[in-house]
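# Understanding the architecture of this molecule
Here are the chains, one letter per residue:
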Amino acid sequence: MSSSDKGKGRADAPDLPPRDATAHGEGQQTEAGEGIDPTKFQELPEDDAMAKAIAESMEDAKRVEIETHRYDEWQTKDQEWKYDAEGPLISEIRLTAEVAQDFAEADPNFAIKTANLAVTHPYWRKSKGDGDCGWRAIAFSYFELLLRLSSLPLVEQEIARLQSMNPWFVDQYANTYEDFGEAAIDLMEMLKEQLQEDFQGRMDWLGKAFSGTGEDGGMGVMAVVQYFRTLAMFHVLHSQDLFEPFIDAPFDSYLEELTRTNTEIDEVGVRALFDVILKEPGMGLEVINLHRGIGEEVDVVSHMPEGALVHAEAVARLLFRPGHYDIIYKGLPSVLT
């Protein structure tokens, strides 16, 4: 795409607000609101470093995708499988052993992988299969990690950081923040209050908030997801040179697709949402790909901040099956001290 073509079909890119340019600390909190220095956040990498990180993650994800659909008969089975679109937006924690039941009659490679996965990652949460599953799973994991880290300074820093992106919402996106962004900030403010509660109380609150079973029928969660979609779109827009080589559609059309409700997240969307939501507070993301390729272990695509994680276990983990994402855990969530 030439420089003259890049502006066609969309408004000129708004100026980016300045990013927090301090670096992550390695200290770990021992009590709620203590132990994390909110000024020690990782500086964004230079363009070449970011390009390298994005390229590596995209190539890794593409390799897994090729392996996932390596054989025609397995690909056919994957395409025939439809995820249950009923139930809460995010379920309560369940046993990963249930996952094996979805393909109980599948080939032995899949059976072995699910059996091993139930040992290494014994718990999971189901994200409703409505097209927003991956976006919602990452959003939930972000809020869950903030509750587990129990740091009031970190939550306040994140509220300020999200608000610093408000200048992005101009032109045709002028109403997006009012419609969706305010819901995310309101949820963050409520999360801050939850830090005063015991850990189980926090988890119950977050589970209820993301279940979609409250009085608002899940509209608040859908607004938060749409806000995160839009932030990811802006990040791709302003990093066009880095992301466009991995996009198989006209760039402007792809941007529109990113913000369309009930459309699945792809590898570029996962990377963009990691960059804009998880990376700066020092959180990681692992995508565990469950497929029928040869071997006994699942493939894992990792997205990690350049500096140290804010905590060794501050990693969101998603379980990917063709066309669907859920949340998965190595153990029951607990306070990260």
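These numbers come from a predicted model, not from an experiment.

Conventions and cut-offs
Residues numbered from 1 in each chain as written. Predicted model: local features only at pLDDT ≥ 70, side-chain atom pairs only at ≥ 80, totals over all residues. Heavy atoms only, no water. Buried < 20%, exposed > 50% of the residue type's maximum accessible area, 1.4 Å probe, protein only. Helix = DSSP H or I, 4+ residues; strand = E, 2+ residues; numbered from the N terminus. Pairing = 2+ DSSP bridges. Salt bridge = Lys/Arg side-chain N within 4 Å of Asp/Glu carboxyl O. Expected span 1.5 Å × (residues − 1). Bend = angle between axes of the 7 residues up to and from the residue. Contact = heavy atoms within 4.5 Å. Axes fitted to C-alpha atoms, helices over the stretch in contact; angles between N-to-C directions. Polar contact = N/O pair within 3.5 Å; in protein donor to acceptor, adjacent residues only side chain to side chain. Patch = residues over 30% accessible without salt bridge, like charges linked within 9 Å, V, L, I, M, F, W, Y side chains within 5 Å. Areas by Shrake-Rupley, 256 points an atom, 1.4 Å probe, with all protein chains shown as cover. Lys, Arg positive; Asp, Glu negative; His and termini not counted. Charge placed at Lys NZ, Arg CZ, Asp CG, Glu CD. Arc of directions from axis to C-beta. Core = buried A, V, L, I, M, F, W, Y, C linked by side-chain atoms within 4.5 Å.

Residues D299, V301 and H303 of strand 4 (residues 299-303) are buried on one face, while the alternating residues V300 and S302, pointing to the opposite face, are not. Note that strand 3 (residues 284-289) and strand 4 share five bridges and pair antiparallel. Note on strand 4: the bridge partner recorded for I288 is V300.

Moving on, we come to unusual backbone geometry. In this structure, S150 is a non-glycine residue whose phi angle is positive, near 60°. On the accessibility criterion, S150 (2% relative accessible area) is buried. We note that N262 has phi near 65°; this positive angle belongs to a residue other than glycine. Inspection of the secondary structure puts N262 in the loop between helix 11 (251-258) and helix 12 (267-278). In this structure N262 comes out as partly exposed when scored by relative accessible area, which is 44%.

Okay, the pattern of salt bridges next. For the structure on display, the rule yields twelve salt bridges. In this structure, K192 and E189 form a salt bridge, with 3.3 Å as the shortest nitrogen-oxygen distance. Separated by three residues within a single helix, K192 and E189 lie in helix 7 (residues 176-194), roughly one turn from each other. Within this structure, R271, D275 and K279 form a network of salt bridges that share partners.

Before going further, it helps to examine the pairing of strand 3. In regular strands, side chains alternate between the two faces of the sheet. Within strand 3, six of the six residues are buried, which leaves it mostly tucked inside the rest of the structure. Neither face of strand 3 is open: one carries G284, E286 and I288, the other L285, V287 and N289, and all of them are buried. Note that strand 3 and strand 5 (residues 315-321) share six bridges and pair parallel. Opposite I288, over in strand 5, you have L319 as the bridge partner.

This brings us to helix 7. The end-to-end C-alpha distance of helix 7 is 27 Å, a good match for the 27 Å that 19 residues give at a rise of 1.5 Å each. The axis of helix 7 is deflected most strongly, by about 30°, at E182. For helix 7, every residue scored as buried is listed here: T176, Y177, G181, A184, I185, L187, M188, L191 and Q194. Where helix 7 is buried, its residues touch helix 5 (133-149), helix 6 (152-164), helix 8 (199-211) and helix 9 (219-238).

Reading across the sheet, the six strands line up as 1-2-6-5-3-4 and stay open at both edges, with mixed pairing between neighbours. The open sheet has two edge strands with one neighbour each: strand 1 (94-95) and strand 4. Pairing of strand 5 with strand 6 (residues 324-329), which is carried by four bridges, proceeds in the antiparallel orientation. Bridging from a neighbouring strand, L319 pairs with D326 of strand 6. Where helix 5 meets the sheet, it contacts strand 2 (123-125), strand 3, strand 5 and strand 6, and its direction lies at approximately 25° from that of strand 6.

Moving on to the side chain of S91. Here S91 shows up in the loop between helix 2 (72-80) and strand 1. From its side chain, S91 meets the backbone nitrogen of K126 in a polar contact 2.9 Å long. Ignoring any residue separated from it by four or fewer positions in sequence, one finds S91 in contact with R125 and K126.

Moving on: a negative patch on the surface. Taken together, E92, E197, D198 and D204 make up a surface patch of like negative charges. Inspection of the secondary structure assignment puts E92 in the loop between helix 2 and strand 1. Overall, E92 belongs to the exposed group, its relative accessible area being 68%.

This brings us to helix 11. For an α-helix, the turn length of 3.6 residues means that residues three or four places apart are oriented alike. Within helix 11, burial applies to F251, D252, Y254, L255 and L258. Burial along helix 11 is one-sided: seen end-on, the buried residues are contained in an arc of 160°. Those residues of helix 11 that are buried are in contact with helix 5, helix 9, helix 10 (240-243) and helix 12.

All right, on to the nonpolar core then. The biggest cluster of nonpolar side chains holds 74 residues, and the ones touching the most others in it are Y142, F143, F228 and L231. If one sorts the elements of this core by residue count, helix 5 sits on top with twelve residues. Not counting residues within four places of it along the chain, the set of residues in contact with L231 comprises L162, M165, W168, F169, V276 and I277. Counting residues in each nonpolar core, the second largest holds nine residues, with W124, I288, L290 and V298 among its members.

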